[in-house]
Amino acid sequence: MATVKFSKDHEWIRAEGSAGVVGISDFAQEQLGDLVFVELPDVGKKLAKGDEAAVIESVKAAGEVYAPVGGEVTEVNEALGDDPTKINTDALGDGWIFKMSIDDEGELDGLMDEAAYEKFVEELD
């Protein structure tokens, strides 16, 4: 069964064993507004937890997407090149940004579950 965890930098990772799918949270896409460009990482890129993995640009701002855990990029969401607004319309689904191997599944324990993340976001106001 897949587990979704969130980082304090507003990334999510849906982990299935030693593989994960990564994107940004609904909260993050709302803060950025309409996305106009996504710079995807290279497949094969090694990332440590917290490394910059991708860049997203909106009409308001640009932001970095950080690796929520360490691992290697195994696939990128090419569809975002043509339609970055997929992140706006389905941040936790079709708007995923990249897939990665997970070097240390224990790193997932340092991330928040959905309830903890929602509480974290509420406290940001």
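Residues numbered from 1 in each chain as written. Predicted model: local features only at pLDDT ≥ 70, side-chain atom pairs only at ≥ 80, totals over all residues. Heavy atoms only, no water.

Looking at the side chain of His10
Then, in step 1: Relative to the elements of secondary structure, His10 occurs in the loop between strand S1 (3–6) and strand S2 (11–16).
Then, in step 2: With relative accessibility at 15%, the residue His10 sits in the buried group. (Helix = DSSP H or I, 4+ residues; strand = E, 2+ residues; numbered from the N terminus. Buried < 20%, exposed > 50% of the residue type's maximum accessible area, 1.4 Å probe, protein only.)

Thoughts on the pairing of strand S7 (residues 62–66)
Then, in step 1: Side chains Gly63 and Val65 project from S7 onto a buried face, and the interleaved Ala62, Glu64 and Tyr66 project onto a face without burial.
Then, in step 2: Across five bridges, the pairing between strand S6 (residues 52–58) and S7 is antiparallel. Of the residues in S7, the one forming a bridge with Glu57 is Ala62. (Pairing = 2+ DSSP bridges.)

Notes on a negative patch on the surface
Then, in step 1: There is a patch of like negative charges on the surface, built from Glu39, Asp42, Asp51, Glu52, Glu57 and Glu64.
Then, in step 2: Topologically, Glu57 is positioned in strand S6.
Then, in step 3: Taking relative accessible area as the criterion, Glu57 reaches 33% and is therefore assigned partly exposed. (Patch = residues over 30% accessible without salt bridge, like charges linked within 9 Å, V, L, I, M, F, W, Y side chains within 5 Å. Areas by Shrake-Rupley, 256 points an atom, 1.4 Å probe, with all protein chains shown as cover. Salt bridge = Lys/Arg side-chain N within 4 Å of Asp/Glu carboxyl O. Lys, Arg positive; Asp, Glu negative; His and termini not counted. Charge placed at Lys NZ, Arg CZ, Asp CG, Glu CD.)

A word on the sheet that holds strand S8 (residues 71–76)
Then, in step 1: Taken in spatial order, the six strands of this open sheet run S1-S2-S3-S9-S8-S5, and their pairing is antiparallel. Across the chains shown, the open sheet's two edge strands, defined by having one partner strand only, are S1 and strand S5 (46–47).
Then, in step 2: Of the pairings in the sheet, the one linking S2 to strand S3 (residues 19–24) comprises six bridges and is antiparallel in character. Bridge pairing in S3 links Arg14 to Val21.

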